[in-house]
Structures are given as structure tokens and as C-alpha cells.
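The primary structure of each chain is shown beneath.
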Amino acid sequence: MQLSDCTAKNTFSPGGDPTAVIQALRAEIASLKQQLDWFKRILEHPNQLDLSTLLSDAPPAADPTPTEEISYRRRKPKQRNADDVTDAGLRFGPDVPVEVIELSAPEFHGPDADRYEVIDYQITRRLAQRPGSYVVLEYRRPVWRHKASSSLREVPAPAAVFAGSLADVSLLAGILVDKFCYHLPLYRQHQRLQDAGITLSRSTLTNYTQRAIELLRPIYDAQWRHILQSRVLAMDETPIKAGRKKPGQLQATWYWPIYGEDDELCFTWSTSRGSAHVEQQLAGFAGVLLSDGYAAYDRYAKARPQVSQAQCRVDGDVTGPIPHRSGRAGFPHPVPRA
């Protein structure tokens, strides 16, 4: 059945027959009721789709996929401040200098360079250090599209020393040099970063220091093994406070520097001044051991026929000093013990 126009075509006008108009309106109302009854029968049919389905362009919803509830606990994500420049958390003020390094793709310099075009740049920022100042390295990495295939590519960011780290290698080297060469504690380096406008936690500096030290451990081990191959090596011990013994008092520990004949020096460390550390560090050594008169060296040399002990003199005849003690900054010539 086709729906008809619901607008009354007969209107009352002066001079018209009122009875005819009323009859026409009644006929139109009856026609509308008939159409409405037909529409209701269609909707109430058992095989008829839902009205919302008929009027919507979306496909019917599929059967729900079986699911199960899994509960777990995770660390609460760190809250980022509004002044965070990057999602990775590198924050710096407007006064911090930013050095922009333009990276280029090898495709731009080949014979097919005209087939590519730069459409965007990806920005990678690393915190770097310059002598006496800090700077943020910003790598502008072009994103280009191949015109024929419309494929997108981008220049990869330079590899970081630690995966996912914000630190440039210059920053890691500067932290270690400032701490161990210039005796600048991490909390003071943290203050200097804050004064320069860089927001970085002290725990991050500690983490950088520990991980950077582990990178240097293979070099240290190789140098220590090479020192043990010397015909003559020198060893001494010096106290240093490290660790907490009790509230208000630090633990007494010792550095044990070992100096080889090729001008190589390794600082070993121990919580004890006993001879066990000497035996552990000089295991496998055969040659002349230059030391002072401390009994631990004497016990070590007497128990090993392949080791000869030579004690040093500290007087006007000695031109070379021992590394760590005032007036003895290098190792003197060995004086064989009688």
C-alpha cells in the first residue's frame, strides 16, 4: 500500500459548501486510519526487523565474544606536569639552549633523490652536556614519501647509550668525571642541573652513574689482568669512609691501588684491611711486589715462592712518589729487602 498525502486538499472558503468539506475531511481521515493499521501489522509481524535496524545504516550487532575478567596490579603511572615538553619526560625551561641537528636520509643524495619529498619531521631530544653548561640536543628526523608508491619512511633516531634513556653520552661521561675526578657529589650536580633550568630527579642521576660504571667494568677488568702480567707491580692501601656504620658515623673502608710497570693503575676496594684482599687481587701474580712495611704484604709474599717482596724508601733519595699519599704521588724504585 502506498501512503497518500495527509494534507487536506479541500479547504473551507467563503461561498463553499460546508457539508461537502466535512465529508471530504472524514474520507481523508478514514484513509489515514487504514494506512496506519497496515503499518502496525507490518511492524508486529514475527519476521519483521526492528525499526531501529531498518532506519540505521550500521550492520546488525554480532553475538558477544566470550570474555573473562583478569585482575592484576600495576605501578601507578607518573603524573606529568603541564610544562612537560615531551611525553618521555624531558623537561627544560625556555632559557635552556637547544641545538638542532639536521639528519638526512641517504635516499636524498642518490640518483633517485627526485622521487622522494620530505613531508614532516620527527623530533628526538637528548639531554647533553657541554663544558660548564647543559644543552638539549634536538634531532630533526625527516619523514618522506615515495611519490610513486606513496609509502612513508623516516630517518631513525641515533642510538642511545641506554635503551629509552634521555641521556646523551656526553652527559654520562660528565657525571662520572665530575663525581670521581672532581669529587662533585650527585646531589650537587643535581643542584647545578636545577640552576640551569633542567628538571631531573636525583634517583635518575644515581641510575645513570651505576649503569655507566657497569659499561666501564670490562675495561677495568682487562687493565687489572694486564697489570698482573707485570714483572714489578706496586700495591698500597689507604682508608676511605664509605657506607653508614651507625647514625652520624661512616664505615671505615680501604682503597687498594695496584700499579703496573706500563703506567697502569687500578683502584680496588675492600671493607677490610686484612691480607685476604691482597691474596684475592694478586692471585696468579709472579714477580716483584713493591709495597710498604705493612704485615699483610709480608704474609702474602712469604707464602708464595714466585713472589719477591721489595719495600720502598721514602726519603730524600727517592725521586718517585706513591700515588695517593701526600709527598708520594708515584711509586719509587724498589729496594730489595735484606
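Use the structure listed above.
In this text the structure is predicted, and so the values were computed from the model without any measurement.

Caption draft 1: Quick peek at the overall build of the protein. Across its full length, the protein carries 7 helices and 13 strands. Counting the 338 residues in the protein, one finds 28% classified as buried. If you take every contact in the protein between residues at least 6 apart in sequence, the share linking residues at least 24 apart comes to 49%. When the accessible surface of the protein is summed, it comes to about 23,200 Å², and 53% of that surface belongs to carbon and sulfur atoms.

Caption draft 2: Structural view of helix 1 (residues 18-43). Counted at 1.5 Å a residue, the expected span for helix 1 with its 26 residues is 38 Å, and the 38 Å between its end C-alpha atoms agrees. Within helix 1, the full set of buried residues consists of Val21, Glu28 and Gln35.

Caption draft 3: Structural view of empty space enclosed by the protein. Counted under the stated rule, the structure contains 1 cavity of 30 Å³ or more. A volume near 30 Å³ is recorded for the largest cavity. Around the largest cavity, the lining residues are Gln129, Tyr134, Leu171, Gly174, Ile175, Asp178, Gln189, Arg192, Leu193 and Leu205. Contributions of two or more residues to the lining of the largest cavity are made by helix 3 (169-181) and helix 4 (186-195). Here the element with the most residues in the lining of the largest cavity is helix 3; it accounts for 4 residues. Looking at the lining of the largest cavity residue by residue, the class counts come to 5 nonpolar, 3 polar and 2 charged.

Caption draft 4: Structural context of the pairing of strand 12 (residues 307-311). In terms of strand pairing, strand 11 (residues 287-291) meets strand 12 through 5 bridges, oriented parallel. Its bridge partner lying in strand 12, Ser291 is registered against Gln311. In this region the chain leaves strand 11, passes through helix 7 (residues 295-302) and returns to the parallel neighbour strand 12; the handedness of that crossover is right-handed.

Caption draft 5: Here's a closer look at the packing of helix 4 against helix 5 (residues 202-227). The interhelical angle for the contact between helix 4 and helix 5, taken along N-to-C directions, is 120°, at an axis separation of 10 Å. The orientation of helix 4 relative to helix 5 falls into the category oblique. Once helix 4 is placed against helix 5, the crossing between them reads as right-handed. On the side of helix 4, the interface is formed by Leu186, Tyr187, Gln189, His190 and Leu193, while helix 5 contributes Arg202, Leu205, Thr206 and Thr209. Classifying every residue of the contact of helix 4 with helix 5 by side-chain character gives 4 nonpolar, 4 polar and 1 charged.

Caption draft 6: Examining helix 4 more closely. Of all the positions in helix 4, only Leu186, Gln189, His190 and Leu193 are classed as buried. Around the axis of helix 4, the buried residues are gathered within 105° of arc, so they sit on the same side. Looking at the buried residues of helix 4, the elements they touch are strand 4 (133-146), helix 3, strand 6 (198-199) and helix 5.

Basis of the calculations
- Residues numbered from 1 in each chain as written.
- Predicted model: local features only at pLDDT ≥ 70, side-chain atom pairs only at ≥ 80, totals over all residues.
- Heavy atoms only, no water.
- Helix = DSSP H or I, 4+ residues; strand = E, 2+ residues; numbered from the N terminus.
- Buried < 20%, exposed > 50% of the residue type's maximum accessible area, 1.4 Å probe, protein only.
- Contact = heavy atoms within 4.5 Å.
- Areas by Shrake-Rupley, 256 points an atom, 1.4 Å probe, with all protein chains shown as cover.
- Expected span 1.5 Å × (residues − 1).
- 1 Å grid on protein atoms, 1.4 Å probe; cavity = no way out; pocket = protein on both sides within 12 Å on 5 of 7 lines; lining within 4 Å.
- Points joined across faces, edges and corners; volume = space filled by probe spheres on them.
- Nonpolar A, V, L, I, M, F, W, Y, C, P; charged D, E, K, R; others polar.
- Pairing = 2+ DSSP bridges.
- Right-handed = clockwise from strand over helix to strand, strands pointing away.
- Axes fitted to C-alpha atoms, helices over the stretch in contact; angles between N-to-C directions.
- Parallel < 35°, antiparallel > 145°, perpendicular 65-115°, else oblique.
- Left-handed = near helix turned anticlockwise from the far one by under 90°.
- Arc of directions from axis to C-beta.

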